[in-house]
Amino acid sequence: MIYVIRHGQTDWNKEGRIQGQVNVPLNDEGVRQAWEAHDAIAGVKFDAVFCSPLERTRQTCKIAYGGDDVIYDDRLMERDFGENDGVKRAEVDFAAFWTPGSAENSACGESIDEMTARVVSFLDEINSKYKGKDILIVTHGGVIMIMKAYFCGMPKDNNFLEYLVTNGAVTKFDFK
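Cut-offs and rules
- Residues numbered from 1 in each chain as written.
- Predicted model: local features only at pLDDT ≥ 70, side-chain atom pairs only at ≥ 80, totals over all residues.
- Heavy atoms only, no water.
- Helix = DSSP H or I, 4+ residues; strand = E, 2+ residues; numbered from the N terminus.
- Buried < 20%, exposed > 50% of the residue type's maximum accessible area, 1.4 Å probe, protein only.
- Contact = heavy atoms within 4.5 Å.
- Phe/Tyr/Trp six-rings, centres within 6.5 Å; stacked < 30°, edge-to-face > 60°.
- Lys NZ or Arg CZ within 6 Å of the ring centre and 35° of its normal.
- Core = buried A, V, L, I, M, F, W, Y, C linked by side-chain atoms within 4.5 Å.

The number of helices and strands found in the protein chain is six helices and five strands. Dimensions of the protein chain, computed from C-alpha atoms along their principal axes, come out at roughly 45 × 35 × 25 Å. Within the span of the protein chain, comprising 176 residues, buried residues form 48% of the whole. A sequence separation of at least 24 residues applies to 72% of the contacts in the protein chain between residues at least 6 apart.

Further remarks concern the packing of aromatic side chains. Scanning the model with the defined rule gives 13 aromatic pairs in all. With 5.7 Å between their ring centres and 75 degrees between their planes, Phe 50 and Tyr 130 make a pair best called edge-to-face. In this pair, Phe 50 sits in strand 2 (residues 48–51) while Tyr 130 sits in helix 5 (residues 112–130), placing the two residues 80 residues apart along the sequence. Overall, the relative accessible area of 5% leaves Phe 50 in the buried class. By the ring-pair criterion, three or more aromatic residues cluster together here, those being Phe 81, Phe 94, Phe 97 and Trp 98. The ring of Tyr 72 carries the charged tip of Arg 58 above its face, separated from the ring centre by 4.0 Å. For Arg 79, the ring lying beneath its charged end belongs to Trp 98, and the centroid distance is 5.1 Å.

This part takes up the nonpolar core. By size, the foremost hydrophobic cluster in this structure holds 31 residues, and its most contacted members are Phe 50, Trp 98, Phe 122, Ile 137 and Met 147. Among the elements of the structure, strand 1 (2–6), strand 2, helix 4 (94–97), helix 5, strand 4 (135–139) and helix 6 (141–152) are those that each provide at least two residues to this core. Among all residues touching Met 147, those that are not within four sequence positions of it are Val 4, Leu 76, Val 119, Phe 122, Leu 123, Ile 137 and Phe 173. Listed in part, the 12 residues of the second largest apolar core include Tyr 3, Ile 5, Cys 51 and Leu 136.

Shown next, in the form of structure tokens:
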């Protein structure tokens, strides 16, 4: 089973700002959410633990998992939004950023296709090395949306935001 935790809340999440690959730490609510994730995975013996190297995921992983045997993988980083980092979501067509083929993707530092390729590369590798084992992944909302599309198929409206999970949420997937 694959357990995936989205990092806890940051001030930028609370303010509705696009974070991308900017290092923004957890706020008090995010720390609380990380402890809730800790409780949700308590008792699971993980065969491997992977985490995005960004600060908010590292903090969440340290609280939720606590072990030192974490593998940091750049493929688990949030999407590079380029010049849109720090911008409030309400000031741009954020939904269009997550719709493949939309013109808004050109304003981002990384296209959905590029992000999907790196996340799928990670998942294919995990499937070949750890199928049938218990894996923990601590990552970002955008990565989890791509993962959900990988396991469940593309969203009906072709927009990945349909698959967005809340901060601190624990999602489970399994390779068939």
